[in-house]
Amino acid sequence: MVTLKLETYKLKFSQEIKRTISARLALVSAEADLSLPLAKELPSRHAQLNALRSTEEFDVLVIGGGATGAGCALDAVTRNLKTALVERDDFSSGTSSRSTKLIHGGVRYLQKAIMKLDYEQYLMVKEALHERANLLEIAPHLSAPLPIMLPVYKWWQLPYYWAGIKMYDLVAGIHCLKSSYVLSKSKALELFPMLKKDRLVGAIVYYDGQHNDARMNLSIALTAARYGAAVCNYTEVVRLLKHDGKVCGVRCKDLITGQEFDVKAKCVINATGPFTDSVRKMDSQQVENICQPSAGVHIVIPGYYSPDNMGLLDPSTSDGRVIFFLPWEKMTIAGTTDTPTNVTAHPIPREDDINFILSEVRHYLSQDVEVRRGDVLAAWSGIRPLVTDPDSKDTQSICRNHIVSLSDSGLVTIAGGKWTTYRAMAEETLDAAVGAHKLLADRCRTVGLMLEGAKGWTPTLYIRLVQDYGLEKEVAEHLASTYGGKAFDVAKMAQVTGQRWPIVGKRLVSEFPYIEGEVLYAIKEYACTAIDVIARRTRLGFLNVQAADEALPRIVQIMSEELGWSREKSAELEAARTFLHQEMGYRSRSEQLTRTAEINLDQQEVHRYEKRFHKFDKENKGFITIVDVQRVLQSINVHINENALHEILNEVDLNKNGQVELNEFLQLMSAVKKGQVSDSRLAILMMTAEETLDKRGPVTVDRSGGGV
């Protein structure tokens, strides 16, 4: 195997930055240099499949639809190369949608570079900060600067951390988003009131970028498609094609129809992240594995855990890791862990990792803020594809950056790296591919190249959506920040509500701004399954799994009408619910109660809850049914849909026998007390009903009309 030396490319790229960075990041749009037309309409998935089948030979075929693969496709097509991309699952279905949502250089990497005098790591941080600036420029609707607070609890740490953060600003140079600054204790608590105040000395605030990672990945792929690349999801590579020992294409399988076909290409690029080695072994069974997978778990908790526009960095957790605590999509995201794992297409967040993150969060939040396991709305695990350099003498040493390698058969592999540097990695990969395969290509033009939706976006675009279409303000803001200039196309698909306001835009679930029209637009964006919609076209599955579960029947119904599903409907619903339960950390109420079967209540609490229960169980049966609940609610003039009541009782009905027994109710209240369950509808309903009945008091004979 011939390996392209990382150090050579790093030095070359660093020199390129120094020579051209200012000019190439000018506000002049990069597409002005392109002779390629930008398609107004996205080709359908069917058209993309036909292009894959009918094209005699592509210049470049990319395997993998994550950030790096999509970046390679965009880089290739904008160099006037005939380009194709195939992805076994959906675009961004793997690691690229399961990140910390930061666009950053890496404060901790810079610290290591300085402490260990590691020049390679310094270059990695510098490159990432350059790419951060570019990404914020080319997709302003999907990304924005975010202030991050580093709380300080020891006086000596203040100058130490201040010097490190100021060095971070210095390395960023002209790309520094905003200068970092020091806060007093009182000011820090004013900006982050949830922060633990005991022994707090002050805080330092610095700036990094934040983005909607799955939508960003999709935007890169869609931009490539508009420039003429044939990109297709749910298209698996069965094997590599070879001629005279050289890779000349792939055998593909359309996973929707099951049909197989060949795609010829002068150059094949392996950009499959954690699955790097599986494609390399298609080329040669003798190659050693270079991927060292590591699992990173994140959790999402309610937005009230953090301020709307201030993140938090824990620079040193109990086991030496770094934990971020960030506002995202009006929720709070916390993570990540770093645990060796096996490569799988369906990573599952471990309970130990979830509890570790919760434990670390508790250390930094005020005692007034109770951090509860029941507040975890979603959790996921992403596999970070760390790599070892195949040309290194020490094969166990993990490369901090990415590597580009060229096999004897001509397969180009790009592995490792960070989300932030996807564009630089793609440029380096295409430079290597063009050189190795002698392709006739233009220079790289992706710096400053605006992504899907960036054109036409302004910070006030949402106002036009409200005025022109009669959308709710929250929905309009969401559409503008998700689709940018394409938000008007989504608004046109929104249904009339039949209400005075909003005029259009039926929500999928009441507490989130996602609307039914987005499901239709998602299909135009190559969504093929309900999972594609809840996980990557919208982010509902990543924000609240219960809300996603509630939205699924309507999503499946809309997709079935549009795509002509019949028997597939039940299978789609089941697959999506399996995804939520296994990969998004969904534990239903009954599952949470089963795991905490022990009743941990004192005698006074047991007496109080038994009294509450018997207000519903008037006949002392030892259980309550939907009839008992309806009778009490009617007596206090509260009316709840019968189907909703069935759902509420079913959350607590562990035996699934249509009734909630006293012991099950006590288990529920014990779980609520321990924080294992939060926002239990039955617990809140019974508490409020009891309070109303107690305020009303006993009904006299005269008032009741009885006594005759």
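Up top is the structure these notes are about.
Conventions and cut-offs
- Residues numbered from 1 in each chain as written.
- Predicted model: local features only at pLDDT ≥ 70, side-chain atom pairs only at ≥ 80, totals over all residues.
- Heavy atoms only, no water.
- Buried < 20%, exposed > 50% of the residue type's maximum accessible area, 1.4 Å probe, protein only.
- Helix = DSSP H or I, 4+ residues; strand = E, 2+ residues; numbered from the N terminus.
- Arc of directions from axis to C-beta.
- Contact = heavy atoms within 4.5 Å.
- Axes fitted to C-alpha atoms, helices over the stretch in contact; angles between N-to-C directions.
- Parallel < 35°, antiparallel > 145°, perpendicular 65-115°, else oblique.
- Left-handed = near helix turned anticlockwise from the far one by under 90°.
- Nonpolar A, V, L, I, M, F, W, Y, C, P; charged D, E, K, R; others polar.
- Phe/Tyr/Trp six-rings, centres within 6.5 Å; stacked < 30°, edge-to-face > 60°.
- Lys NZ or Arg CZ within 6 Å of the ring centre and 35° of its normal.
- Pairing = 2+ DSSP bridges.
- Salt bridge = Lys/Arg side-chain N within 4 Å of Asp/Glu carboxyl O.

This next bit is on helix α22 (residues 626–635). Listing the buried residues of α22 in full gives Ile626, Asp628, Val629, Val632 and Leu633. Taken around the axis of α22, the buried residues stretch over an arc of 160°, which confines them to a single face. In this structure, α22 carries Val627 and Gln634 as exposed residues pointing more than 90 degrees from its buried face. Summarising the contacts, the buried residues of α22 are in contact with β21 (623–624), α23 (642–650) and α25 (681–696). Positive phi appears at Asn637, one or two residues downstream of α22, with a value of about 60°.

Inspection of helix α9 (residues 276–283) places Thr276, Asp277, Val279, Arg280 and Asp283 among the buried residues, and these make up the whole buried set. Projected down its long axis, α9 shows its buried positions confined to an angular sector of 160°, all on one face. On its buried face, α9 is in contact with β2 (58–63), β9 (235–243), β10 (246–254), β11 (260–270), β12 (291–301) and β20 (412–416).

At a minimum axis separation of 9 Å, helix α16 (residues 530–537) and helix α18 (residues 545–563) run at an interaxial angle of 120°. Our classification of the angle between α16 and α18 gives oblique. As α16 runs across α18, the sense of the crossing is right-handed. Contacts from Ala530, Val533 and Ile534 in α16 reach Leu552, Ile555, Val556 and Met559 in α18. A per-class count over the contact of α16 with α18 returns seven nonpolar, no polar and no charged.

Inspection of every chain in the model, using the stated rule, returns 15 aromatic pairs. Relative to Tyr122, the ring of Tyr119 lies with its centre 5.9 Å away and its plane at 25°, an arrangement referred to as stacked. Taken together, the residues Tyr119 and Tyr122, both in helix α5 (residues 119–138) and three residues apart, mark about one turn of the helix. Seen in terms of ring centroids, Phe512 and Tyr514 are 6.4 Å apart; in terms of plane orientation they differ by 20°. Their pairing is stacked. Judged by its relative accessible area of 5%, Phe512 falls in the buried class. Judged by relative accessible area, Tyr514 falls into the buried class, the value being 3%. One aromatic cluster is present, built from ring pairs that chain together Trp156, Tyr160 and Tyr161. It is Arg53 that lies over the ring of Phe261; its NZ or CZ is 4.8 Å from the centre. Sitting over the ring of Phe542, Arg539 keeps its end group 4.5 Å from the ring centre.

Right, let's get into the pairing of strand β7 (residues 202–211). With ten of ten residues buried, β7 is to be regarded as a mostly interior element. Going residue by residue along β7, you find Gly202, Ile204, Tyr206, Asp208 and Gln210 tucked away on one face and Ala203, Val205, Tyr207, Gly209 and His211 tucked away on the opposite face as well. Of the pairings in the sheet, the one linking strand β4 (residues 102–103) to β7 comprises two bridges and is antiparallel in character. If you follow Leu102 over to β7, its bridge partner there is Gln210. Sheet topology note: the strand β5 (residues 143–152)/β7 ladder contains ten bridges and is antiparallel. Across the sheet, residue Ser143 finds its bridge partner in β7, namely His211.

If you want to describe how two helices pack, look at the angle between their axes and the distance between the axes. At their nearest, the axes of helix α4 (residues 107–115) and α5 sit 8 Å apart, and the two run at 150° to each other. Taken together, the axes of α4 and α5 are roughly antiparallel relative to one another. At the point where α4 passes α5, the crossing takes the left-handed sense. Across from Tyr109, Leu110, Lys112 and Ala113 in α4, the residues of α5 making contact are Gln121, Tyr122, Met124 and Val125.

Turning our attention to the pattern of salt bridges. Tallied over the full model, the rule gives 39 salt bridges. When the shortest N-O distance is used, the salt bridge between Asp169 and Lys166 registers 3.9 Å. Remark: Lys166 and Asp169 occur in helix α6 (residues 157–172); sequence separation between them is three residues, near one turn of the helix. Taking the relative accessible area as the measure of exposure, Asp169 reaches 11% and is therefore buried. Residue Lys166 is classed as partly exposed on the basis of its relative accessible area of 24%. Connected through shared salt-bridge partners, Asp90, Asp532, Arg536 and Arg537 make up one network.

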